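Commentary on secondary and tertiary structure
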Amino acid sequence: MGLLNDETYMRLALQMAESGLGQTGINPVVGCVLVKDGRIVGMGAHLKRGEGHAEVLALRMAGEEAKGSTAYVTLEPCSHHGKTPPCCDRLIEAGVTRVVVAATDPNPVVSGTGIAKLRAQGLEVSVGLLGDESTKMNEIFNKFIVSRMPFVTMKTASTLDGRIASKTGDSKWITSAESRGWVHTLRHQHQGILVGVQTVIADDPQLSTRGDVPAVQPVRIIADSQLRVPLGARVLTEQDRQPTILLASAQAPAERRAALEARGVTILTCGDGPQVDLTLAMQQLGEREIGSILLEGGGRLNGAMLERRLIDKLVLMFAPKIIGGGQAAPMNIHFDGYSKMDDAITLDRLRVEQFGPDVCITGYPLYK
Ligand code: AOF
Ligand code: ZN
């Protein structure tokens, strides 16, 4: 704890919120700290959709001491009856007198009404302290709650010349163990992992989180227009801990569809063209309340998703290696491209980090 002021307590609330990343599904991460007469009397974080909101958990801890306290909340307290009753009412009933809110809730059923309700009951409310940090932490929720489309992060791991395998197809390993460890954290933080069927055919990946400690397993999603996935692939045979969803075209052979459904996979039909309609696919995944997806290639699926403006964030990892390989060595992002440099997709809010020897560039695409 640093200086004792509003910011200190809000930072604590933000830290608690952040620890819930990856486990709240389509719900935001939220933290709440209750302070009375210079002492912390309650703390809470929203940890699972359908279970306690941050404020309610903090109030439960504070008990009678909540009366006359200040609440530091990273997101505007809710005013609606969702899976749980409104937090606003609980704060009012408990006798909290001041509420410091980091960011307003973009959920159309809340969006300012929580703050208005608290003020109408005479509570002192201030909004915006460390608001940018709260908003950034909830980038997934903020997109999904207004668009019902999943927030898609594209992650690539390539050589400096953008190759994800050599000309003979060798790809183990391009990036370091440190980078691969970070990928497991990224998987934990998304509800689904998406790859193209060619990646499944080539690598037979598990698409699971395997860090040093257990993590949440995302749903595996395979873009497989013609249902070519091998019946012995691990994404089909190992479905005890995480289900698999296939995105297919209506054109896919009926007998393949039947054989795969018999293995317990869900097949979403996304258009009737030779290739899956990716926009329709994202809409259907959104309808199933998959609010975030980590896209892990291959290059053509990455390119197609980017061209269709379905990518919200890019995490590009580069190993300090150059492998070459002309047309035979696949690229991290492969698409027809634009003629003019002015038409290039540029990345905003760039961050550069290092994992072991590798460089990781994170950014948000600005589409023209
Ligand atoms: C809060 N505190 O800790 C969270 C909030 O279905 P429910 O009842 O879980 O409500 C989900 C909505 O409530 C979610 O979309 C968002 O607007 C808000 N989340 N609000 O006051 C919390 N998790
Ligand atoms: Zn609430």
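Please read all numbers here as calculations on a predicted model, not as lab measurements.

1. Examining the sheet that holds strand S10 (residues 266-269)
Taking strand neighbours across the sheet as the criterion, the nine strands line up as S10-S9-S8-S7-S11-S6-S12-S14-S13 in an open arrangement whose pairing is mixed. Of all the strands in the sheet, the pair left with one neighbour each is S10 and strand S13 (346-355). For this sheet the average axis-to-axis angle between neighbouring strands, irrespective of direction, equals 20°. Bridge analysis of strand S12 (residues 313-319) against strand S14 (residues 358-366) gives five bridges, and the strand direction is antiparallel. Residue Met 317 lies in a different strand from S14, and its bridge partner there is Cys 360. In the packing of helix H7 (residues 177-188) onto the sheet, contacts are made with strand S6 (151-159), strand S7 (192-196), strand S11 (292-295), S12, S13 and S14, and the angle to S6 comes to roughly 170°. On top of the sheet, helix H12 (residues 299-307) reaches S6, S7, strand S8 (219-223) and S11; it is set at about 140° to S6, its chief contact.

2. A few points about the confidence of the model for the protein chain
Note that predicted coordinates carrying low pLDDT should not be read in detail. Of the residues in the protein chain, 100% reach a pLDDT of 70 or more, and the chain-wide mean stands at 95. Listed scores for the predicted complex are pTM 0.95 and ipTM 0.91.

3. With respect to the UniProt feature "binding site: Zn(2+)" (unreviewed entry) in the protein chain
According to UniProt, the "binding site: Zn(2+)" (unreviewed entry) feature falls on His 53, Cys 78 and Cys 87. Separation in sequence by 35 residues is not matched in space for these annotated residues, since their most distant C-alpha atoms are only 9.1 Å apart. Ignoring anything within four residues of it in the chain, the contact list for His 53 reads Val 30, His 46, Cys 78, Thr 84 and Cys 87. Tracing the sequence through the fold places Cys 87 in helix H3 (residues 87-94). Of the residues examined, Cys 87 has 29 C-beta atoms within 10 Å and is grouped as buried.

4. Concerning the packing of helix H2 (residues 54-62) against H3
Two elements in contact, H2 and H3, have axes whose closest approach is 9 Å; the angle formed by their N-to-C orientations is 25°. As the angle between them shows, H2 and H3 are arranged roughly parallel. By crossing handedness, the relation of H2 to H3 is classed as left-handed. Contacts from Glu 55, Val 56 and Leu 59 of H2 reach H3 at Cys 87, Arg 90, Leu 91 and Ala 94. Taken together, the residues of the contact of H2 with H3 sort by class into five nonpolar, no polar and two charged.

5. What about H2?
What sets the pattern is the α-helix's 3.6 residues per turn: residues three or four places apart point alike. A large share of H2 lies buried, amounting to seven of its nine residues. All buried positions along H2 are accounted for by Ala 54, Glu 55, Val 56, Leu 57, Ala 58, Leu 59 and Ala 62. Those residues of H2 that are buried lie in contact with strand S1 (31-36), strand S2 (39-45), strand S3 (70-75) and H3. Trailing H2 by a residue or two, Gly 63 shows a phi angle of about 55°, which is positive.

6. A look at the UniProt feature "binding site: substrate" (unreviewed entry) in the protein chain
Here, UniProt's "binding site: substrate" (unreviewed entry) annotation points to Ser 171, Arg 187, Asp 203, Leu 207, Arg 210 and Glu 296. Mapped onto the secondary structure, Ser 171 falls in the loop between S6 and H7. Residue class for Ser 171 comes out partly exposed when judged on the 17 C-beta atoms lying within 10 Å of it. When sequence neighbours within four positions are dropped, the list of residues in contact with Ser 171 reads Ile 164 and Ala 165.

Basis of the calculations
- Residues numbered from 1 in each chain as written.
- Chains lettered and ligands numbered in written order.
- Predicted model: local features only at pLDDT ≥ 70, side-chain atom pairs only at ≥ 80, totals over all residues.
- Pairing = 2+ DSSP bridges.
- Helix = DSSP H or I, 4+ residues; strand = E, 2+ residues; numbered from the N terminus.
- Axes fitted to C-alpha atoms, helices over the stretch in contact; angles between N-to-C directions.
- Contact = placed C-beta atoms within 7 Å.
- pLDDT = per-residue confidence, 0-100.
- UniProt positions renumbered as here; feature names shortened; annotations may be inferred.
- Buried ≥ 20, exposed ≤ 12 C-beta atoms within 10 Å, placed from the backbone.
- Parallel < 35°, antiparallel > 145°, perpendicular 65-115°, else oblique.
- Left-handed = near helix turned anticlockwise from the far one by under 90°.
- Nonpolar A, V, L, I, M, F, W, Y, C, P; charged D, E, K, R; others polar.

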